[in-house]
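Observations on chain architecture
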Amino acid sequence: MENNNAPTHAAEPHQKIDPRNFDDILAVVASIKEQVGEETACAELGIICGSGLGPIGDAVEEATILPYGKIPGFPATHVVGHKGNMIFGKLGGKKVVCLQGRFHPYEHNMDLALCTLPVRVMHQLGIKIMIVSNAAGGINTVLRHGDLMLIKDHIFLPALAGFSPLVGCNDPRFGARFVSVHDAYDKQLRQLAIEVGRKSNMTLYEGVYVMSGGPQYESPAEVSLFKTVGADALGMSTCHEVTVARQCGIKVLGFSLITNIANLDCDASVEVSHEEVLDIAEQAGQRASLFVSDIIKELNI
Ligand SMILES: O=P(O)(O)O[C@H]1O[C@H](CO)[C@@H](O)[C@H]1O
């Protein structure tokens with residue numbers, strides 16, 4: 001898919017940005033390029049770090065860090081474990097832009113267009129592949145704390161209820177009105193990840209991720225529902241970003257770090273907390289970061 005980034009004015013730091021307006025996105029991109037330099041800003045690969053998975057961003061070499069507060073239209077991140085930095089540099093020999101912090105729909109009144117603005121911006125910066133990560137609760141009983149699960153497909157629950165980032169007028173410059181997500185998580189990239197995992201003796205599962213709206217964790221009955229419909233892990237992010245990436249023609253590799261075991265039995269329930277999620281993510285963060293770097297080294301972009 002072509003990038004239609006005709007020269008445009010740079011947005012002012014506090015200018016109001018409409019994430020549904022293509023020209024506003026170009027103005028955000030122009031502002032980023034003005035701040036970090038055109039050469040630095042251009043990237044072939046985008047990365048989104050999940051809760052507690054910031055170490056992936058810390059591994060970026062020759063890093064130029066642009067805090068979200070300096071990017072027009074980027075809201076603040078409120079969730080602990082999401083620093084709020086856009087990092088430019090190199091990883092595994094590739095030019096990357098890494099988002100150390102994402103926007104969850106529950107933080108922003110379910111404004112999914114706003115929450116996916118960073119993906120549209122990264123597309124205009126040139127990315128062809130996006131690696132997306134998240135912390136998730138394990139539903140499939142084979143999953144244990146600290147396991148990594150490659151995402152092979154997703155259930156985007158909010159979108160099934162009308163909360164899709166693609167709802168509203170579609171400027172054709174964004175891509176197709178009706179987007180096919182039959183291959184949302186690229187098969188070749190998943191195969192590459194499996195090979196990389198095998199070489200480093202890492203147990204890697206493959207499964208279906210379900211996104212619920214949150215921010216409350218799911219009740220045992222809700223977890224049972226998700227299990228029945230074929231979900232293996234659950235969280236409150238990712239699907240909106242992947243949907244927009246696919247509209248832009250970006251290939252996606254996604255993985256979940258299992259930080260807790262989702263509960264199916266209300267009589268034997270165990271409380272879930274974001275502290276537990278961050279704890280496990282911290283323990284596994286370095287390993288996840290190494291894994292991502294190893295995959296990137298092998299990528300042909
Ligand atoms: O999906 P990430 O950003 O990793 O965060 C996960 O962790 C938080 C809950 O602990 C939720 O925001 C959930 O989506």
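Higher on the page you've got the structure.
For the structure given in this document, a descriptive report is provided here. (Residues numbered from 1 in each chain as written. Predicted model: local features only at pLDDT ≥ 70, side-chain atom pairs only at ≥ 80, totals over all residues. Heavy atoms only, no water.)

**Notes on the overall build of the protein**
- Helix and strand counts for the protein stand at 10 helices and 9 strands.
- Taking 19 Å as the expected radius of gyration for a compact globule of 301 residues, we find that the protein reaches 18 Å, a close match to that expectation.
- Referenced to the eigenvectors of the C-alpha coordinate spread, the extents of the protein come out at roughly 60 × 40 × 35 Å.
- Here the protein, with 301 residues, has 56% of them falling under the buried criterion.
- Summarising the internal contacts of the protein: among those between residues at least 6 apart in sequence, 79% fall at separations of at least 24.
- Just so you have it, the protein exposes about 13100 Å², and 52% of that area is on carbon and sulfur atoms.
- The average position of the 24 basic charges and that of the 34 acidic charges among the side chains of the protein differ by 6 Å. (Helix = DSSP H or I, 4+ residues; strand = E, 2+ residues; numbered from the N terminus. Rg over C-alpha atoms; globule rule 2.2 N^0.38 Å. Buried < 20%, exposed > 50% of the residue type's maximum accessible area, 1.4 Å probe, protein only. Contact = heavy atoms within 4.5 Å. Areas by Shrake-Rupley, 256 points an atom, 1.4 Å probe, with all protein chains shown as cover. Lys, Arg positive; Asp, Glu negative; His and termini not counted. Charge placed at Lys NZ, Arg CZ, Asp CG, Glu CD.)

**Focus: helix H1 (residues 22–36)**
- In this model, H1 (15 residues) spans 21 Å end to end at C-alpha, consistent with the 21 Å of a helix rising 1.5 Å per residue.
- On its buried side, H1 packs onto helix H2 (38–41), strand E2 (61–67), strand E3 (85–91) and helix H5 (117–124).
- Its side-chain oxygen placed 2.8 Å from the backbone nitrogen of Asp 23, Asn 21 serves as the N-cap of H1.
- Positive phi appears at Gly 37, one or two residues downstream of H1, with a value of about 95 degrees. (Expected span 1.5 Å × (residues − 1). Polar contact = N/O pair within 3.5 Å; in protein donor to acceptor, adjacent residues only side chain to side chain.)

**Observations concerning the nonpolar core**
- One finds Ile 32, Phe 74, Met 86, Phe 88, Val 121 and Met 130 to be the most contacted residues of the largest nonpolar core, which totals 52 residues.
- Take this core: its biggest share by element is 8 residues, from H1.
- Filtering out sequence-adjacent residues up to four positions away, Phe 74 remains in contact with Val 28, Tyr 68, Met 86, Phe 103, Leu 117, Pro 118 and Val 121.
- The next biggest cluster of nonpolar side chains, apart from the first, holds 30 residues, and it includes Leu 45, Cys 49, Cys 98 and Leu 189. (Core = buried A, V, L, I, M, F, W, Y, C linked by side-chain atoms within 4.5 Å.)

As far as function goes, none of this settles anything; it's purely spatial.
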